[in-house]
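Fold and geometry: a report
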Amino acid sequence: LFTVEYALARLWMSLGVSPKALVGHSVAEFVCACIAGAIQLPDAIRLVALRGRLMGSMPPGSMLSVRAAAAAIIERLPPDLQLAANNAPTVCVVAGPKESVTAFAAALEKDGIASRPLQTSHAFHTSMMEPIVDEFMNAVADVHWSAPQIPIVSTCLGDWMTAETIASPDYWGKQLR
């Protein structure tokens, strides 16, 4: 994903399209940081590769796209499922252990709420990723970061990233989690 998104952004830029702002979800936020000049490409690739290896080392899980407001879904979540993304006013993603996600999807269907399993191997952006956060934050701390030259909207914070935010290992730990 990182390579394709980075190459696509560079292609558009080579054709004269100059972004005025950037936004990307999950690993795409690293593409934004790289395109904005906040991190050098080799460092971004190292972090993305490490992130992928660490995430892959966690127990498997599932993710479910739900056609409902996050606030309404959060109230219904069993203890082992979590909101992983709030993508739109009536679209969110829940994640957790596969069996629980499957049971939750069945309960939603029974109540007439549409959902669709995502093709993932793990419950990304949930507490199931917690054991790898510190190791990833340590790697982020070893990278030289610069202030972004193109504004970036953080999909984790829902606000513009500052030079302090983008260089913060805590930020990237929360973004992974």
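Cut-off values and rules
- Residues numbered from 1 in each chain as written.
- Predicted model: local features only at pLDDT ≥ 70, side-chain atom pairs only at ≥ 80, totals over all residues.
- Heavy atoms only, no water.
- Pairing = 2+ DSSP bridges.
- Helix = DSSP H or I, 4+ residues; strand = E, 2+ residues; numbered from the N terminus.
- Axes fitted to C-alpha atoms, helices over the stretch in contact; angles between N-to-C directions.
- Contact = heavy atoms within 4.5 Å.
- Buried < 20%, exposed > 50% of the residue type's maximum accessible area, 1.4 Å probe, protein only.
- Salt bridge = Lys/Arg side-chain N within 4 Å of Asp/Glu carboxyl O.

1. Some words on the sheet that holds strand 2 (residues 62-66)
What links the strands of a sheet is backbone hydrogen bonding, and the strands pair in either a parallel or an antiparallel sense. Read across the open sheet, the four strands follow the order 3-4-2-5; overall the sheet is antiparallel. Across the chains shown, the open sheet's two edge strands, defined by having one partner strand only, are strand 3 (82-88) and strand 5 (115-117). Mean inter-strand twist for the sheet, computed between neighbouring axes without regard to direction, equals 20°. With five bridges joining them, strand 2 and strand 4 (residues 91-96) adopt antiparallel strand pairing. Along strand 4, the bridge assignment pairs leucine 64 with valine 94. Seen against the sheet, helix 5 (residues 98-110) touches strand 2, strand 4 and strand 5 and runs at an angle of roughly 20° to strand 2.

2. A closer look at helix 2 (residues 28-35)
Summarising burial for helix 2: eight of the eight residues are buried, a large majority. Listed as buried for helix 2 are Ala28, Glu29, Phe30, Val31, Cys32, Ala33, Cys34 and Ile35.

3. Points about the pattern of salt bridges
Pairs may arise between side chains of opposite charge once their charged atoms sit close together. Tallying each qualifying case throughout the model produces three salt bridges. As a salt-bridge pair, arginine 76 and aspartate 111 come within 2.5 Å of each other at their nearest N and O atoms. Placement of arginine 76 in the loop between helix 4 (70-74) and strand 3 and of aspartate 111 in the loop between helix 5 and strand 5 is noted, with a sequence separation of 35 residues between them. We classify arginine 76 as partly exposed; its relative accessible area is 33%. Relative accessible area serves as the criterion here: at 47%, aspartate 111 is assigned to the partly exposed category. The residue glutamate 130 makes a salt bridge to arginine 177 at a minimum N-O spacing of 2.9 Å. With glutamate 130 in helix 6 (residues 130-141) and arginine 177 in the segment after helix 8 (169-176), this pair connects stretches of sequence that are 47 residues apart.

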